[in-house]
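Topology and contacts: notes
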Amino acid sequence: MKIDFDGIQAFVVIAELGGFNKAAEHLHVTQTALTRRVQKLEAYLGLRLLDRTTRYVELTAVGREFLPQARAIVNEMTSAVGRLKDMSKNAKGNFTLACVPTMAAHILPNLIREYSKVCPQNRIRLLDATSYEVRDSVLNSQAELGIGIHGEQHPDVLETPLFDDPLMFFCRDSNPLSEMKSVTWSDMSGADLIVVSNLTATRVFMDYQLAKRGISLSGSYEVQHHATAISLVAAGVGCAILPASTFKEGDRPGVRKIPLVSPVVKRKVILIQRKNTSLSPAAEAFCDLIKASDFDG
């Protein structure tokens, strides 16, 4: 069924204003055009909605019965279009963001705080997941945007580099290496190392970079999440190799974050979205914000 909105709107305005002349002025059309809209609607329905002569316009019995429903249709459509225009103009709405957990430490909260200043009424649904799951969430339209780690390129994914996130050495201030300005990979030989699962993008990336350089390290402990590794370090269980973005200096009293050198190994944090897919205004506003942000990694 094809709904003739123009005809229904014309009928409602004529009924409310009491004539074609006022209705035509209100809708900014000619009386001829307005008459055609009503005639087209009546022809489609096979019913007369208005009785009209040169002196008056009057609703038929069918027209009087239809008017409340027609008015509801026009009001609902006008309201819906108004909401969409407001959404477009003011970037209103909600969206889902998939993100690797390491970004949730201090970088993502800062971004969301800035976003809330620009779009205070919007709501973000967060999916924290591995980098592989972040990409799949975007590909499967579970999330409009994703923040992940650069890996194998997918033909349907658009990647925007955000910043390079170097791997660093984390230890308690009681560790013999804690006073060093930088730590080499060979310095960690024999250390009680806490490593993240080999299913994470960070571990895969680290193992690949180390294998290229002939460096071999083994861990005394293996965990699934970076936050768990930090907690173990803070408890004095061991030390860890983690991305710099895992936490901000000072977040954990007694935990040191020291640059790893010889070689410096970095992972690339990226913004992910589907190619040839339009973002909602709310997601577009966040996308613009994150692209304009100055990350310190």
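Right above here is the structure, for reference.
So, here is what we can say about the structure in this document. Note that the structure is predicted; figures quoted are calculated from it, not measured.

Parameters and conventions
- Within each chain, residue numbers correspond to sequence positions counted from 1 in written order.
- Two thresholds apply to this predicted model, a pLDDT of at least 70 for residue-level local features and 80 or more for giving and counting side-chain atom pairs, whereas whole-chain, interface and lining totals are computed over all residues.
- Side-chain numbers come from the whole structure's heavy atoms, not from hydrogens or water.
- Per the convention used, a helix needs a DSSP run of H or I reaching at least four residues, while a strand needs a run of E reaching at least two, with both numbered from the N terminus.
- For each residue, the accessible area found with a 1.4 Å probe, counting protein chains only, is set against the maximum for its type, and the residue is called buried under 20%, exposed over 50%, and partly exposed in between.
- The contact rule is simple, with two residues in contact once any of their heavy atoms fall within 4.5 Å.
- Any carboxyl oxygen of Asp or Glu within 4 Å of a side-chain nitrogen of Lys or Arg constitutes a salt bridge here.
- Angles run from 0 to 180 degrees between N-to-C directions of axes, and those axes are lines fitted to C-alpha atoms, restricted for helices to the stretch in contact.
- For this classification, under 35 degrees means roughly parallel, over 145 means roughly antiparallel, 65 to 115 means roughly perpendicular, and everything else is oblique.
- Two helices cross in a left-handed way if the nearer one is turned anticlockwise from the farther one by less than a right angle. They cross in a right-handed way if the turn is clockwise.
- Note on residue categories: nonpolar means Ala, Val, Leu, Ile, Met, Phe, Trp, Tyr, Cys or Pro, charged means Asp, Glu, Lys or Arg, and polar means any other residue, Gly included.
- Cavities and pockets are found on a 1 Å grid laid over the protein atoms alone: a cavity is a set of points where a 1.4 Å probe fits but cannot escape, a pocket is an open set with protein on both sides within 12 Å along at least five of seven lines, and a lining residue has an atom within 4 Å of such a point.
- Grid points are joined across faces, edges and corners, and a volume is the space filled by probe spheres set on the points.
- Expected span of a helix, by definition, is 1.5 Å for each gap between consecutive residues, and there is one gap fewer than residues.
- The directions from the helix axis to the C-beta atoms are what the arc is built from.
- Patches were defined on residues exceeding 30% relative accessible area and lacking a salt bridge, with like-charge contacts within 9 Å and nonpolar side-chain contacts (Val, Leu, Ile, Met, Phe, Trp, Tyr) within 5 Å.
- Per-residue and other accessible areas were derived by the Shrake-Rupley procedure at a 1.4 Å probe size, with only the shown protein chains allowed to occlude residues.
- Each aromatic pair joins two rings of Phe, Tyr and Trp (for Trp, the six-membered one) with centres within 6.5 Å, and gets the label stacked for planes under 30 degrees apart, edge-to-face for over 60, and tilted for any other angle.

Within the fold, valine 269 resides in strand E12 (residues 266–274). On the basis of relative accessibility, which here comes to 0%, the residue valine 269 falls in the buried class. In this structure the C-alpha to C-alpha distance between valine 269 and serine 245, which are 24 residues apart in sequence, comes to 10.0 Å. Filtering out sequence-adjacent residues up to four positions away, valine 269 remains in contact with Met103, Ile147, Gly148, Ile149, Thr160, Pro161, Leu162, Phe163 and Asp165.

Bringing the pattern of salt bridges into the picture now. One side chain can pair with another of opposite charge once the charged atoms of both are near each other. Evaluation of the coordinates by the stated rule reveals five salt bridges. For arginine 267, the salt bridge is made with aspartate 165, and the minimal N-O distance between the two is 3.0 Å. Linking arginine 267 in strand E12 with aspartate 165 in strand E6 (residues 157–172), this pair joins segments that are 102 residues apart in sequence. With respect to burial, arginine 267 and aspartate 165 carry one shared label: buried.

Orientation of helix H5 (residues 107–118) relative to helix H9 (residues 281–292), taken along the N-to-C sense of each, is 120°, at an axis distance of 10 Å. On the basis of their axis angle, the class for H5 and H9 is oblique. As for how H5 packs across H9, the hand of that crossing is right-handed. Where H5 approaches H9, its residues Leu108, Leu111, Glu114 and Tyr115 are matched on the opposing element by Ala282, Ala285, Phe286, Leu289 and Ile290. Among the residues forming the contact of H5 with H9, the class breakdown is eight nonpolar, no polar and one charged.

Glycine aside, the phi torsion of most residues is negative, and most peptide linkages are trans. Along the chain, serine 262 connects to proline 263 via a cis peptide bond; the corresponding omega equals 5°. Mapped onto the fold, proline 263 is located in the loop between strand E11 (255–261) and E12. At histidine 28, a residue that is not glycine, the phi angle is positive and equals roughly 60°. Mapped onto the secondary structure, histidine 28 falls in the loop between helix H2 (20–27) and helix H3 (31–45). Phi is positive for serine 262, close to 55°, though the residue is something other than glycine. Along the polypeptide, serine 262 turns up in the loop between E11 and E12. Overall, serine 262 belongs to the exposed group, its relative accessible area being 53%.

This part takes up empty space enclosed by the protein. Applying the stated rule across the entire model yields one cavity of 30 Å³ or more. Within this model, the largest cavity holds a volume of roughly 40 Å³. Lining the largest cavity are Ile194, Val195, Val196, Thr202, Met206 and Ile241. Those elements that place two or more of their residues in the lining of the largest cavity are strand E8 (193–196) and helix H7 (201–212). If you tally residues by element for the lining of the largest cavity, the top one is E8, at three residues. Of the residues in the lining of the largest cavity, the class split is five nonpolar, one polar and no charged.

The subject of this paragraph is the environment of leucine 158. Locating leucine 158 in the fold gives a position in strand E6. For leucine 158, a relative accessible area of 38% corresponds to the partly exposed category. It is 5.7 Å that separates the C-alpha atoms of leucine 158 and arginine 274, two residues lying 116 residues apart in sequence. Setting aside its immediate chain neighbours within four residues, leucine 158 contacts Leu271, Ile272, Gln273 and Lys275.

Right, let's get into H3. Spanning 15 residues, H3 covers 21 Å between terminal C-alpha atoms, matching the ideal 21 Å at 1.5 Å per step. Along H3, the positions that sit buried rather than exposed are Leu34, Val38, Leu41 and Glu42. Down the axis of H3, the sector holding all buried residues measures 95°, keeping them to one side. The outward face of H3, more than 90 degrees from its buried face, is lined by the exposed residues Arg36, Lys40 and Ala43. Where H3 is buried, its residues meet helix H1 (5–17), H2 and strand E1 (50–52). One or two residues past the end of H3 sits glycine 46, with phi positive at roughly 75°.

To continue, consider a nonpolar patch on the surface. Residues Tyr44, Leu45, Leu47 and Val62 make up a contiguous nonpolar surface patch of roughly 340 Å² in combined accessible area. Taking relative accessible area as the criterion, leucine 47 reaches 42% and is therefore assigned partly exposed.

Next up on the list: the packing of aromatic side chains. Aromatic rings considered in pairs are described by the distance between their centres and by the relative angle of their planes. Counting across every chain of the model gives four aromatic pairs. For the pair phenylalanine 11 and phenylalanine 66, a centre-to-centre distance of 5.6 Å together with 25° between the ring planes defines the contact as stacked. Of the two residues, phenylalanine 11 sits in helix H1 while phenylalanine 66 sits in helix H4 (residues 61–90), which places them 55 residues apart along the sequence. Assessed through its relative accessible area of 0%, phenylalanine 11 is described here as buried. With a centroid separation of 6.0 Å and 80° between ring planes, the pair formed by phenylalanine 95 and tyrosine 115 is classed as edge-to-face. Within this pair, whereas phenylalanine 95 is found in strand E3 (residues 94–99), its partner tyrosine 115 is found in helix H5, the two being separated by 20 residues in sequence. Members of the aromatic cluster, each reached through a chain of ring pairs, are Phe95, Tyr115 and Phe286.

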